[in-house]
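Here is how the chains run, residue by residue.
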Amino acid sequence: MAFTLRSLFLLCGISALLTGVVAGRKHYSKDMSCDSSCPEGWTQLGSRCFIYQDVSLPFVDADNVCRILGGNLASVHSTLEYAVVLELAKAATQSNRDIWLGLHEGIEYFTFLWTDGSRVDFNLIVDTDTNAACIMVNFSDTRWYREGCNVRNRFVCARDAQEILNQQSVSKVEFCCPKGWTQLNGRCFIYEDKRMSFADAEHICKILGGNLASVHSALEYSLVLALIQENSDSHDDVWLGLNEAIEKKKPTWTDGSIVDFTAFNRDNDYGDCFEIEFSDLLWDNDDCGDVNRFVCGRDAECRY
């Protein structure tokens, strides 16, 4: 499925399309040590932690706050990380407020640096005719624009999870997902670029230690969409683990978790298995014998 950059433009507004969210309910009996890599209130994606700050500050003051919290203004190095940053900001405010990232111009024109010193290997900068040196996310199109560094914006901080574990004197920590999987808090996801029926796709996911992916929040769904975008150039729809095989109009997840989050379209009503449609990024039911690419999900496991 060619989830090109257009899917990023949809991510910041996708919460408005989603239904059935139940707040504050746990869906998995996770080993809590898997969540301990990031402080309370932070979101873990792989080896990094992110948190949204709902206060408007100039760029330098915002970075100072992030430093007090143990990190910096967020650097972004992949579509996956950017999807998480956008969804954190959207979920916290339910409005389209511009936010600071940690990117700013260096001494040379159009030479940019992250405040955490990491490599600039991902950017969505729109070059505008301005001398402003700091970079903010414009929520109207999710691109990055120059902004005067004294302008007050809300912001996202990021820090390294391994550094936190080192500070806690925890040694030789393996992050909780197998190689090739992407970790979001206590769960792992992987995109499989193979076209299979629903049942065959579920079988492959079980071999890999999980199931076809269940989705329980806008943040998880943003991550799933970004994962597809990063790993596929096809136009195929993608299986999730939702199906109505047991009873029509009462969908269930193959991993047995509760259905507390949906993004239904239901243009079609002739199949018992649900796919993400390429055309609108919503969920439609289809014939379970059709072949699609798919996403697997599983619980994270921490090993020390």
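Residues numbered from 1 in each chain as written. Predicted model: local features only at pLDDT ≥ 70, side-chain atom pairs only at ≥ 80, totals over all residues. Heavy atoms only, no water.

### Focus: the pairing of strand 16 (residues 292–299)
Condition: The buried label goes to any residue with under 20% of its type's maximum accessible area, the exposed label to any with over 50%, and the partly exposed label to all in between, with areas taken from a 1.4 Å probe on protein chains only. Helix and strand definitions follow DSSP, with helices as H or I runs of at least four residues and strands as E runs of at least two, each counted in order from the N terminus. Two strands qualify as a pair provided DSSP detects at least 2 bridges between them.
Burial of strand 16 is extensive: 7 of the 8 residues sit out of reach of the surface. With 7 bridges joining them, strand 10 (residues 187–196) and strand 16 adopt antiparallel strand pairing. Directly across from Phe189, in strand 16, lies its bridge partner Gly297. With 2 bridges connecting them, strand 11 (residues 211–212) and strand 16 associate as antiparallel partners. From the neighbouring strand, Leu212 faces strand 16, where its bridge partner is Cys296.

### With respect to the environment of Ile135
What counts is decided by this rule: Two residues qualify as a contact provided that any one of their heavy atoms is within 4.5 Å of a heavy atom in the partner residue.
When you line up the elements, Ile135 lands in strand 6 (residues 134–138). Judged by relative accessible area, Ile135 falls into the buried class, the value being 0%. Residues within four places of Ile135 in sequence aside, it is in contact with Trp100, Leu101, Leu103, Phe112, Trp144, Tyr145 and Arg146.

### Considering unusual backbone geometry
Its identity as a non-glycine residue notwithstanding, Asn185 has a phi of 50°, on the positive side. Considering the arrangement of structural elements, one finds Asn185 in the loop between strand 9 (182–184) and strand 10.

### Some thoughts on the pattern of salt bridges
If charged atoms from side chains of opposite charge come close, those side chains can pair. Put simply, the rule reads: Only one rule defines a salt bridge in this text: a Lys or Arg side-chain nitrogen within 4 Å of an Asp or Glu carboxyl oxygen.
The final tally for this structure, using the stated rule, is 14 salt bridges. In this structure, the salt-bridge partner of Asp193 is Arg293, at a minimum N-O distance of 2.4 Å. Linking Asp193 in strand 10 with Arg293 in strand 16, this pair joins segments that are 100 residues apart in sequence. One salt bridge in this structure joins Asp236 and Arg293, with 1.9 Å as the shortest N-O distance. With a gap of 57 residues between them, Asp236 in the loop between helix 6 (218–231) and strand 12 (238–243) and Arg293 in strand 16 connect regions that are remote in the sequence. What makes Arg293 buried here is its relative accessible area of 13%. Within this structure, Asp193, Arg195, Asp236 and Arg293 form a network of salt bridges that share partners.

### Concerning the pairing of strand 7 (residues 143–147)
Where burial is concerned, most of strand 7 is hidden: 4 out of the 5 residues are buried. Pairing of strand 6 with strand 7 involves 5 bridges; the strand directions are antiparallel. Of the residues in strand 7, the one forming a bridge with Asn138 is Arg143. Linking strand 6 back to strand 7 in an antiparallel pair, the connection comprises 4 residues, with Thr142 at a positive phi of about 60°.

### A look at the nonpolar core
The nonpolar side chains of a soluble globular protein tend to be buried, and buried together. Note the cut-off: By nonpolar core is meant a set of buried Ala, Val, Leu, Ile, Met, Phe, Trp, Tyr and Cys residues that side-chain atoms within 4.5 Å join together.
Grouped together as the largest cluster of nonpolar side chains are 53 residues, with contacts concentrated most on Phe50, Tyr82, Trp144, Tyr221, Val224, Ile276 and Trp283. The biggest single contributor to this core is helix 6, with 9 residues. Of all hydrophobic cores here, the second largest spans 16 residues; its members include Cys38, Cys49, Leu57 and Trp100.

### A look at the state of the cysteines
Where we set the bar: Pairs of cysteine sulfur atoms within 2.5 Å are identified as disulfides in what follows.
Under the counting rule described, the total for this entry stands at 6 disulfides. Each sulfur of the disulfide joining Cys38 and Cys49 lies 2.0 Å from the other. Here Cys38 and Cys49 share a disulfide; its torsion about the S-S bond, -85°, makes the bridge left-handed. With Cys38 in the loop between helix 1 (6–11) and strand 1 (43–45) and Cys49 in strand 2 (residues 48–57), this residue pair connects regions lying 11 residues apart in the sequence. Residue Cys49 is classed as buried on the basis of its relative accessible area, which comes to 0%.

### Some words on the confidence of the model for the protein chain
Rules: The predictor attaches a confidence to each residue, called pLDDT, with possible values from 0 through 100.
Averaged over the protein chain, the pLDDT score is 84; the fraction of residues at 70 or greater is 80%. Every residue in residues 9–35 is under pLDDT 50, and counting partners more than four places away or in other chains gives 56 contacts.

### Here's the deal with helix 3 (residues 79–93)
Threshold: Expected span of a helix: the number of residues minus one, times 1.5 Å.
A rise of 1.5 Å per residue sets the reference length of helix 3, with its 15 residues, at 21 Å; its end C-alpha atoms lie 22 Å apart and thus fit the reference within 8%. Where burial is concerned, most of helix 3 is hidden: 13 out of the 15 residues are buried.

### A look at the side chain of Arg159
Just so we agree on the cut-off: In protein, a polar contact means a hydrogen-donor-capable atom and an acceptor-capable atom, both N or O and within 3.5 Å, with residues adjacent in sequence counting only if both atoms are side-chain atoms; elsewhere, any N or O pair within 3.5 Å suffices.
Within the secondary structure layout, Arg159 lies in strand 8 (residues 153–160). Reaching out from Arg159, the side chain makes a polar contact with the backbone oxygen of Leu69 at a distance of 2.7 Å.

### Concerning the packing of aromatic side chains
To be explicit about the condition: Each pair of aromatic rings taken from Phe, Tyr and Trp, with Trp reduced to its six-membered ring, is defined by centres within 6.5 Å and is described as stacked if the planes are under 30 degrees apart, edge-to-face if over 60, and tilted in the remaining cases.
For the structure shown, the criterion picks out 12 aromatic pairs. Relative to Trp144, the ring of Trp114 lies with its centre 6.0 Å away and its plane at 75°, an arrangement referred to as edge-to-face. Highlighted residues: Trp114 in strand 5 (residues 112–114) and Trp144 in strand 7, separated in sequence by 30 residues. In this structure Trp114 comes out as buried when scored by relative accessible area, which is 3%. Residue class for Trp144 comes out buried when judged on its relative accessible area of 0%. Three or more aromatic residues joined by ring pairs make a cluster, and in this case those are Tyr221, Trp253, Phe261, Phe264, Phe274 and Trp283.

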